[in-house]
Amino acid sequence: MSFYDKDVVSIRDLDRKQIDEIMKVSEKMVPYAMGEKRTKVLEGRILGNLFFEPSTRTRLSFESAAHRLGIDVIDVSEMSMTSISKGETLADTIRMVDAYCDVIVLRHPHEGAARLAAKFSENPVINAGDGAGSHPTQTLLDLFTIKRAKKKIGGLNIVLVGDLKYGRTVHSLIDALAVFGANLTFVAPETLQMPEDNVDHIKRKGADPYLTDKLENVISKADVLYVTRIQKERFPDPSEYNRVAGKYRIDNEMLREAKKDLVVLHPLPRVDEISPEVDNTPHAKYFEQAFNGIPVRMALLYMILGGEGL
């Protein structure tokens, strides 16, 4: 397999053929992820879950994916209980964890941490989010969800709304959507709009994104609405957060203008940007999206660790 023993640090490291390959294997993993089928194809392997930031979905779905494949998990999510609290460097921590497992899943608050970890680890490193930088496995499960819901990605009108400046999920996602030929619209206040270098990068791939701060002007044409939380923890200035908090809220009234088959996604957790009343509509796919993290991460682990026989 082309992914055997490979790091997954950025979605930019993957081409369309590789992404298609991951989604194909992910589809095969769905019945295993749901518990309808069972396998221990990677029994005897060990995953090191190394999380320097809080996480629910990413950490637990990697654990679930590992267990579904027969992989044992070493979980390190309380940094005060490790030698990091004594001043140990990230490089030394990675060297130590690398000696105890076959693959490392790393979440870290500093952009570039996963790339650094891959440099010091002999075993593969999977980036589970590094600061405001990249979150490649989230992108893969987002693509998988869109493909399952809409049967395609190319040509869709995809509107991304909310915190596009600090949101690492959208930074990774737009790279892949540009590769697949989706039509992109970025909705955010000027202070949270997509960074210029990200926009320039996808333009070089042939994308021509439309930038606006008015969701009501574009929602009627959307096939997919990707909503993001205004991330208070990413703001260097609390007053900046207070100016934009609650700027966009998706509720049933807003969705009156939407297509009947609009798909609403959210990487979660949400605060108040999607009203709970939307949960009961056909538009809501964000909990299915969260579940899809399991088959997608199963596929990655299976391919990286050289699984055979499914």
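On a predicted model such as this, the values are computed, not experimentally measured, just so you know. Numbering of residues begins from 1 in every chain and follows the order in which that chain's sequence is written. Restriction of local features to residues with pLDDT of at least 70 applies here, the model being predicted, together with a cutoff of 80 or more for giving and counting side-chain atom pairs; totals for whole chains, interfaces and linings are based on all residues. Side-chain measures here rest on the full set of heavy atoms in the structure, leaving out hydrogens and waters.

What about the overall build of the protein?
Helix and strand counts for the protein stand at 11 helices and 9 strands. Radius of gyration here uses only the C-alpha atoms, and the compact-globule reference equals 2.2 Å multiplied by the residue count raised to the power 0.38. Its C-alpha radius of gyration of 19 Å places the protein within 12% of the 19 Å reference for a compact globule of 310 residues. Judged by the C-alpha coordinates and their principal axes, the protein covers about 55 × 45 × 40 Å. Two residues qualify as a contact provided that any one of their heavy atoms is within 4.5 Å of a heavy atom in the partner residue. Once local pairs closer than 6 in sequence are excluded, the contacts in the protein between residues at least 24 apart make up 74%. When the accessible surface of the protein is split by element, carbon and sulfur atoms take 47% of a total near 14000 Å². Put simply, DSSP H or I for four residues or longer makes a helix, DSSP E for two residues or longer makes a strand, and each gets a number counted from the N terminus. Shrake-Rupley sampling with a 1.4 Å probe provides the accessible areas, and residues are treated as covered by the protein chains on show and by no other component.

Observations concerning the packing of helix α2 (residues 57-68) against helix α11 (residues 293-304)
Axes are the key here: two packed helices are described by the angle between their axes and the distance separating the axes. In contact at an axis separation of 8 Å, α2 and α11 are set at 60 degrees when each is read in the N-to-C sense. With respect to each other, α2 and α11 are oriented oblique. Seen along the crossing, α2 lies across α11 with a hand that is right-handed. Mapping the contact onto sequence places Arg57, Thr58, Ser61, Phe62, Ser64, Ala65, Ala66 and Arg68 in α2 and Gly293, Ile294, Arg297, Met298 and Leu301 in α11. Split into classes, the residues belonging to the contact of α2 with α11 amount to 6 nonpolar, 4 polar and 3 charged. Convention adopted: a line fitted to C-alpha atoms gives each axis, helices being fitted over their contacting stretch, and angles between N-to-C directions are expressed from 0 to 180 degrees. Small angles under 35 degrees read as roughly parallel and large ones over 145 as roughly antiparallel, with 65 to 115 read as roughly perpendicular and the rest as oblique. Crossing handedness: left-handed means the near helix sits turned counterclockwise from the far one by under a right angle, and right-handed means the same turn made clockwise. When residues are sorted by character, Ala, Val, Leu, Ile, Met, Phe, Trp, Tyr, Cys and Pro go into the nonpolar class, Asp, Glu, Lys and Arg into the charged class, and all the rest, Gly among them, into the polar class.

What to know about the sheet that holds strand β5 (residues 157-161)
Read across the sheet, 5 strands follow the order β7-β6-β5-β8-β9 without closing on themselves; strand pairing throughout is parallel. Looking at strand neighbours, the two that pair on one side only are β7 (210-212) and β9 (263-265), the edges of this open sheet. Averaged over all pairs of adjacent strands, the angle between strand axes in this sheet comes to 20 degrees, irrespective of strand direction. A pair of strands counts as paired when DSSP detects no fewer than two bridges linking them. Both β5 and strand β6 (residues 183-187) contribute to a ladder of 5 bridges, which runs parallel. Counted as the bridge partner of valine 161 is valine 187 from β6.

Digging into the pattern of salt bridges
A side-chain nitrogen of Lys or Arg and a carboxyl oxygen of Asp or Glu constitute a salt bridge if their distance falls within 4 Å. Following the criterion strictly, the structure yields 12 salt bridges and no others. Notably, a salt bridge pairs arginine 115 with aspartate 13, separated by 3.2 Å at the nearest N-O pair. Here the residue arginine 115 occupies a position in helix α4 (residues 113-120), and aspartate 13 occupies one in the segment before α1 (16-33), the gap between them amounting to 102 residues. Only protein chains enter the accessibility calculation, which uses a 1.4 Å probe; a residue is then buried when its area is under 20% of its type maximum, exposed when over 50%, and partly exposed in between. By relative accessible area, which is 44% here, arginine 115 ends up partly exposed.

Details of the packing of aromatic side chains
In this scheme Phe, Tyr and Trp rings, the latter by its six-membered ring, pair at centre separations within 6.5 Å, and the angle between planes marks the pair as stacked below 30 degrees, edge-to-face above 60, and tilted otherwise. The final tally for this structure, using the stated rule, is 1 aromatic pair. With centroids separated by 5.2 Å and ring planes inclined at 65 degrees, the aromatic side chains of tyrosine 286 and phenylalanine 287 adopt a geometry described as edge-to-face.

Description of the pairing of strand β2 (residues 72-76)
Here strand β1 (residues 46-51) runs beside β2; their pairing, made up of 5 bridges, is parallel. In the sheet register, asparagine 49 faces β2, and the bridge partner there is aspartate 75. For the handedness criterion, the strands are oriented away from the viewer, and a crossover whose path from the first strand over the helix to the second runs clockwise is classed as right-handed. The β-α-β motif built from β1, the intervening α2 and the parallel element β2 has right-handed crossover chirality.

Some points on the pairing of strand β8 (residues 224-227)
The alternating pattern of β8 places Val224 and Tyr226 on one face and Leu225 and Val227 on the opposite face, and all of these are buried. Direction of pairing for β5 relative to β8: parallel, over a ladder of 4 bridges. Bridge pairing in β8 places valine 161 opposite valine 227. Alignment of β8 against β9, held across 3 bridges, turns out to be parallel. Among the inter-strand pairings, leucine 225 is bridged to a residue of β9, identified as valine 264.

Observations regarding the domain arrangement of the protein
One frequent convention defines the size of an interface as the accessible area lost when the parts assemble. Where each domain starts and ends follows an automatic or database-derived domain assignment. According to the domain assignment, the protein consists of domain 1 (11-134 + 293-304) and domain 2 (137-289). Computed from C-alpha atoms alone, the centre-to-centre distance between domain 1 and domain 2 is 25 Å. On the side of domain 2, 25 residues touch domain 1, which itself brings 29 residues to the contact. Counting each side, the surface lost to burial between domain 1 and domain 2 is near 2200 Å², with a carbon and sulfur contribution of 60%. Once two parts are brought into contact, the accessible area they lose, counted with a 1.4 Å probe and summed over both, makes up the buried area. It is Ile11, Arg12 and Met23 in domain 1 that bury the most area against domain 2; as a group they hold 27% of the surface buried on that side. Connecting domain 1 to domain 2 are 2 salt bridges. Of the charged contacts, one joins arginine 12 and aspartate 175 as a salt bridge, the two residues approaching to 2.6 Å between their closest N and O atoms.

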